Amino acid sequence: MPEPVKKPVSAFTKRPKAQEAEEGSSVVFEAETEKADAKVRWQCNSKDIAVATRKREVKFELKVISKPDAPAEAPAGKPEEPSMKPEQASDPKEEAPPQGETPAAQDPPPAEADAPDTRQDLTGLFTEKPQSGEVTVGENFTFMAKVNAESLLKKPTIRWFKGKWMDLATKCGKHLQLKETYDRSSKVYTFEMQIIAAKANFAGGYRCEVSSKDKFDSCNFELTVHEARAPGGLDIRTAFRRTSTDGNDDSGELDFSALLKKRAVQVQSEPDVDVWNILSKAPPSSYEKIAFQYGITDLRGMLKRLKKMKKEEKKSEAFLKKLDPAYQVSKGQKIKLAVEVADENVEVKWLKNGQELQKSGRYIFESVGNMRYLTINHCSLADDAAYTCVVGEEKCTTELFVKEPPVTITKTLEDQMVMKGERVELECEVSEEGANVKWEKDGVELTRDESFKYRFKKDGCKHVLIINEATKEDCGHYKVKTNGGESVAELLVQEKELEVYQSIADLTVKAKDQAVFKCEVSDENVRGTWYKNGVEVKADPRINITHIGRIHKLTIDEVKPEDEGDYTFVPDGYAFNLSAKLNFIEVKIDFVPRQDPPKIHLDCVGRTADSTIIVVAGNKLRLDVPITGDPAPTVIWTKKEKVISEGDGRVRVETTMGHCVFTIEGAERQDEGVYSVVVRNPAGEDTADINVKVVDVPDPPQAPKILSVGEDSCVVQWEPPQFDGGQPIIGYVLERKKLRSYRWMRLNFDPFVGTTYEAKRMIEGVPYEMRVYAVNSIGMSRHSPASQPFVPVAPTSEPIGLCVEDISDTSIALKWRAPERIGAAELKGYGIEYCKEGTDEWIPAFQGLTDRTTATIRDLNTGDKLQFRVRAYNMAGPSAPATLAQPVTIREIMQRPKIWLPRNLRQTIIKKVGDLVNIMIPFQGKPRPKVSWTKDGEPLSPSIASVRNSELDTILFIRKTDRIHSGQYDLKVEIENVEDTARVTLQIVDLPGPPEALKIVDTWGFNVALEWKPPKDNGNCEISGYNIQKADKKTMEWYTVHDHYRRTHCVVSDLIMGNEYIFRVFSINLVGLSPEPCTTKDSVYIHKTGIMYKAPNYKEHDFSEPPKFTHPLVNRSIIAGYSATLSCAVRGIPKPKVTWYKNKMDISNEAKYRMLSKQGVLTLEIRKPCPFDGGVYMCKAVNDCGEDVVECKLEVRPQISKEEKKEANK
């Protein structure tokens, strides 16, 4: 339910009007309030004016004595202020506003001079526009707009703005909420902007814009926020100005200068205040307060400098590689978190949201060398948390985000066609149980409204949209959406049409016979009334009216002459009737001579002018032929001179007194023909021919063919059926279905006369099938075979960016980009055509299509001026062509040679001996340039390097390098007299030789001084250092003393006295150590000495200190039912023992309290406190050096129920 709109704090029923006045005349501003006791203040330029009021009407008279400079109109939303700056005669000092004050609002447009209030006329898309309002600080207010969507094709889009540019959609949160509702009965959208706990800076001009396709409407309104004024007449809002250059009060940065100037007299700056020290110790939330207090104008610049002054974070000693800041994994997948620790034997702990994880089937802990792994299998939404790896006192934390896989639609919606009033169920299946889906009809979201027209059913993965009684308004495209896909189906609702399967026929009966009128209609629930000559027929013992299923019967027993007449059956609710006539035959008994020749009386139902009786295939044909003759004649029935004998078959004859009956049960096509009846007796014979014609529904047409397809349509064609059933074809009925569906949907209800039909309203990209029924006067044929599957698609858009990439005397290279819109069908390729200038004949550049977006057309005539175009092809055919802007002349263009030397080749290339060298340098130039290589100024010999040249690049290849390959390689690209050069420097390096002349220079104590000379062969690169090793002559095991030592002399220390040593030195360069070392010729012996080591005496320092609370407990007031904590900090050596007391009672062993201690920070957690948990809490710390105590008061307030809150608000 939307929040009801609250009335403004001080509402005017009649607002003052903006007026213009001549100098020296009087002006009356009159306003009327809603409440009689409302307090009213009149202001001029933010200054109060003393005015007497009476009841609800407020009048203010003033006399204009001078022309002001302000504009004549007042801003909208401030109608109580006069349009000009009047000056009271009693106080001429109030002519202009004080310096530094600005008007409250300037953005909204001015109101009309004669408007009685701020409401605007309801024009455009709005049926109700937002109205200007007033609110006090801390209260709520709601702006409402209404849009009638009855004439709109899609849902309107609404945007709320503050000022000219601030879009409020990005500011939704604690103080601003946007809502929208839709009333299906009135088709009205209601948009609301709720301002919660208004602040003073919320005041100003607002704008609401609504749009729908080519329609647009907007309106302006204002919000006035009332608040207590600062003492001494200082308007605090006017002091906080913004440095806006566009005149907008909401843009620019805050300028405190006005406020600082006013406070300069009252506030004195403290001497010798270190602002840098204050900012470095203050929290970020206090920066603006400090800037305000100490008059800092460039706060942003000071914060940037302060950030540079902070020291870098100390590198972790426990972790070599920490966790990444965040990880993401899909639901159901597994993820592995890895850290690298410094000590491979250290134990780590894994925490989840601060709770330690235990090893299980889902959480797997691994330790491989220095790596520590946490593997989480089958991630669920519960695993979305913060994970911490703890090593000793250090830890690293990361966030794991579990991403739900998109919910896909596994079973799509199917098109349906129902009759009016029937129940509709649109069903689909999604990939996940319990997933949320959204239903839409023609782009508008469906909700469960008051009439319960739409019902949404969810059964596991199955989702069903139920429409209880379908109407014509329910026709349209229904869409179900998930976060991973959507499905569309079309619903067609047709009016019920009553079809007559069998009409009543005229009857001719004799006296005492039975007359039966029978008809069959399509709906078995339809009732009807029988009439005779316009008078309703009532049932009696002789007349019986029955209704069984779709068959309606009127049976008249023992027919009398008065029963003759016109009988009509009228179905209830339908504007048509079925009529037939009952003919009565009187039987006259005359004296017949004994010898009476036989005679056939052919007066039977169904006989036409050409003596043809028509019967529908499958129906029963019964011919009751009256005959006379004395003696009784014999009857013979023949067809094509074949006698039909009496029997019980499908075609049989029966002879009774005065009648011969010919019966065909379930007439078939082969029963057609001329039947002859012959009656004989001794007095003579008589003969009659009866032509029987069997009519049937036509044969099914052949499979239809799809001639063409469009974006949402297709053209289908078919051949007429071979046999029309004996009756002319009156039309065809077509059906279609989706390829993977089993439900066929009829496209037309009235027979279509032609054999070519355009089917529309299909979904692009979905495969369909078509089939056809033939219809004649008897009925509808069986359906034809289904057509070949087809997909409605539209041609793609034209390729873009067609341009010439290269051209020569006989060829041209073109390139382009794929079309912006390809559609649902797969792109088959591109076709390229060209024509000569001045002709309209387009010639294919090559046979077939190409899949690439580049093509080279060859074998063209030099000098021809040709135009080229490219078209994209898909299932629907070619797209619109992309054509070059102007014809192109086939002629090669001279291009200067240019070498594109890669960046990595612009510095010396260093390779080791034996490495592979493969240098590729691209270049350009037309015609093909001449390429040459030189080494150190001489032509490059093939024995040194191999060269491969192409039209666009050259390659220098050395399979196995040696020192002789070092040098400068010059590349020259030349076309005629124009050339370009480039140089590549190659340096082949090898292992260095050993140092020379290693000798022992001096020996003293446990130290030996060595000296040597650099090697003769440096390996073609700089010597980067030396590796010095020592060995005891007893073991001859070598140990490295110095590695990568850069000088040629060193001192070896920490030798063991009594041992004899020899030394060796390796030289080191870029490649590595020299193969052979240089070893000293002589050894050195370390003599023992009589020096005794005397350890110094140190006095141990006493670090113990008594406990002391560095952060005390703070008095708190909490709400019952919500857990709370009390925290303090203590220090002391040795670590003090901590005890918590409540009202001087020890609570250490009570389960309701939880005591925590971490690095001197003590925390007491009170779980779900009640009012009885209030009192005085004390924390006591004791060690061997003393004790310390700190205490606080805790107040527990009871919870306030919603009903109490409502009563309090009232």
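Parameters at a glance
Starting from 1, residues in each chain are numbered consecutively following that chain's sequence as written. The predicted origin of the model limits local features to residues at a pLDDT of at least 70 and limits the giving and counting of side-chain atom pairs to 80 or more, whereas totals for whole chains, interfaces and linings rest on all residues. Hydrogens and water molecules were not included; the side-chain quantities draw on all heavy atoms of the structure. Helix and strand definitions here come from DSSP, where helices need a minimum of 4 consecutive H or I residues and strands a minimum of 2 consecutive E residues; each element is numbered from the N-terminal end. The buried label goes to any residue with under 20% of its type's maximum accessible area, the exposed label to any with over 50%, and the partly exposed label to all in between, with areas taken from a 1.4 Å probe on protein chains only. By the convention used here, residues are in contact when the closest approach between their heavy atoms is within 4.5 Å. In these tables, accessible area is a Shrake-Rupley quantity obtained with a 1.4 Å probe, and a residue counts as shielded only by the protein chains included in the view. Side-chain rings of Phe, Tyr and Trp, where Trp is taken by its six-membered ring, are said to pair if the distance between their centres is within 6.5 Å; with planes under 30 degrees apart they count as stacked, over 60 as edge-to-face, and otherwise as tilted. Contacts described as polar in this section are N or O atom pairs within 3.5 Å, which, within protein, must combine one atom able to donate a hydrogen with one able to accept it, while residues neighboring in sequence count only if both atoms come from side chains. Scored from 0 to 100, pLDDT records how confident the predictor is in each individual residue. Two strands are said to pair when DSSP picks up at least two bridges between them. Angles run from 0 to 180 degrees between N-to-C directions of axes, and those axes are lines fitted to C-alpha atoms, restricted for helices to the stretch in contact. To define a nonpolar core, start from buried Ala, Val, Leu, Ile, Met, Phe, Trp, Tyr and Cys residues and group those joined through side-chain atoms within 4.5 Å. Salt bridges are identified by distance alone: a Lys or Arg side-chain nitrogen within 4 Å of an Asp or Glu carboxyl oxygen.

1. So, the overall build of the protein chain
For step 1, the next point in the chain: Scanning the protein chain for helices and strands turns up six helices and 93 strands.
For step 2, the next point in the chain: By the burial criterion, 36% of the 1210 residues in the protein chain qualify as buried.
For step 3, the next point in the chain: Intrachain contacts of the protein chain at a sequence separation of at least 6 include 62% that bridge at least 24 residues.
For step 4, the next point in the chain: A total of about 73,400 Å² of accessible surface is found on the protein chain, and carbon and sulfur atoms cover 49% of it.

2. Observations concerning the packing of aromatic side chains
For step 1, the next point in the chain: A complete count under the given rule lists 19 aromatic pairs for this structure.
For step 2, the next point in the chain: Judged by centre distance (4.4 Å) and plane angle (35°), the ring pair of Y182 and Y189 falls under tilted.
For step 3, the next point in the chain: Between the aromatic rings of W718 and Y732, the centroid separation amounts to 5.4 Å while the plane-to-plane angle is 70°, which identifies the pairing as edge-to-face. Residue W718 is found in the loop between β54 (714–717) and β55 (729–738), and its partner Y732 is found in strand β55; the two are separated by 14 residues along the sequence.
For step 4, the next point in the chain: Note on Y732: relative accessible area 3%, which makes it buried.
For step 5, the next point in the chain: Here the aromatic residues F141, F143, W160, Y206 and F221 are joined through ring pairs into a cluster of three or more.

3. Some remarks on the environment of G754
For step 1, the next point in the chain: For G754, the location among the structural elements is in the loop between β56 (745–746) and β57 (756–759).
For step 2, the next point in the chain: A relative accessible area of 28% means that G754 is categorised as partly exposed.
For step 3, the next point in the chain: Other than its neighbours up to four places away in sequence, G754 contacts W718 and Y732.

4. Let's talk about the side chain of N874
For step 1, the next point in the chain: Along the chain, the position of N874 falls in strand β64 (residues 865–874).
For step 2, the next point in the chain: Judged by its relative accessible area of 3%, N874 falls in the buried class.
For step 3, the next point in the chain: Here the side chain of N874 touches A876 through a polar contact of 3.0 Å, landing on its backbone nitrogen.
For step 4, the next point in the chain: Apart from the residues within four sequence positions on either side, N874 is in contact with A794, P795, T796, I822, A825, E826, L827 and K828.

5. Digging into the confidence of the model for the protein chain
For step 1, the next point in the chain: Of all residues in the protein chain, 83% attain a pLDDT of 70 or more, and the chain-wide mean is 81.
For step 2, the next point in the chain: Here residues 1–10 scores under 50 on pLDDT; set against residues more than four positions off or in separate chains, the count is 17 contacts.
For step 3, the next point in the chain: Low pLDDT (under 50) marks residues 62–123, which in the prediction has 122 contacts with non-local residues, meaning those over four places away or in another chain.

6. Things to note about the sheet that holds strand β45 (residues 612–616)
For step 1, the next point in the chain: Strand order across the open sheet formed by five strands is β45-β52-β51-β47-β48, with mixed pairing between neighbours. Every interior strand has two partners, whereas the edge strands, β45 and β48 (642–644), have only one. Pairs of neighbouring strands in the sheet enclose a mean axial angle of 35°, with direction left out of account.

7. Points about the pairing of strand β77 (residues 996–1004)
For step 1, the next point in the chain: Bridge count between β77 and strand β78 (residues 1007–1013): six bridges; the pairing is antiparallel. By the bridge assignment for β78, D1002 is matched with A1009.
For step 2, the next point in the chain: The antiparallel hairpin formed by β77 and β78 contains two residues in its connecting segment, where G1005 sits at a positive phi of about 55°.

8. Topic: unusual backbone geometry
For step 1, the next point in the chain: Omega for the bond connecting K926 with P927 falls within 30 degrees of zero, at -10°, which places this linkage in the cis form.
For step 2, the next point in the chain: Among the secondary structure elements, P927 is positioned in the loop between β70 (917–926) and β71 (930–935).
For step 3, the next point in the chain: Going from I1133 to P1134, the amide bond is cis rather than trans, its omega being 0°.
For step 4, the next point in the chain: Assignment of secondary structure puts P1134 in the loop between β87 (1124–1133) and β88 (1137–1142).
For step 5, the next point in the chain: In the Ramachandran plot, H378 falls in the positive-phi region, its phi being about 50° despite a non-glycine side chain.
For step 6, the next point in the chain: The topology assignment puts H378 in the loop between β23 (371–376) and β24 (385–391).
For step 7, the next point in the chain: Positioned with a positive phi, Q1159 is a non-glycine residue whose angle comes to about 55°.
For step 8, the next point in the chain: Relative to the helices and strands, Q1159 is located in the loop between β90 (1153–1158) and β91 (1161–1166).
For step 9, the next point in the chain: Assessed through its relative accessible area of 67%, Q1159 is described here as exposed.

9. Some thoughts on the nonpolar core
For step 1, the next point in the chain: Core analysis: the largest hydrophobic core is formed by 27 residues, its most contacted members being W160 and L223.
For step 2, the next point in the chain: Of all hydrophobic cores here, the second largest spans 23 residues; its members include W350, I376, C389 and V391.

10. So, the pattern of salt bridges
For step 1, the next point in the chain: One pass over the structure, following the stated rule, counts 42 salt bridges.
For step 2, the next point in the chain: Note that K479 is salt-bridged to E486, the shortest N-O span being 3.7 Å.
For step 3, the next point in the chain: Take E486: its relative accessible area is 46%, and that puts it in the partly exposed class.
For step 4, the next point in the chain: A single salt-bridge network, built from bridges that share partners, covers K352, R362 and D383.

11. A word on the sheet that holds β77
For step 1, the next point in the chain: Taken in spatial order, the three strands of this open sheet run β77-β78-β81, and their pairing is antiparallel. The sheet terminates laterally at β77 and β81 (1049–1052), the two strands that pair on one side only. In this sheet, adjacent strand axes meet at a mean angle of 20° when their direction is disregarded.

12. What to know about the pairing of strand β41 (residues 551–556)
For step 1, the next point in the chain: Across six bridges, the pairing between strand β37 (residues 515–521) and β41 is antiparallel. When the bridges of β41 are listed, K518 appears paired with K553.
For step 2, the next point in the chain: Across six bridges, strand β40 (residues 543–548) lies against β41 in antiparallel orientation. Paired with T546 across the strands is K553, a residue of β41.
For step 3, the next point in the chain: Hairpin connection of β40 to β41: two residues between the antiparallel strands, including G549 at a positive phi of 65°.

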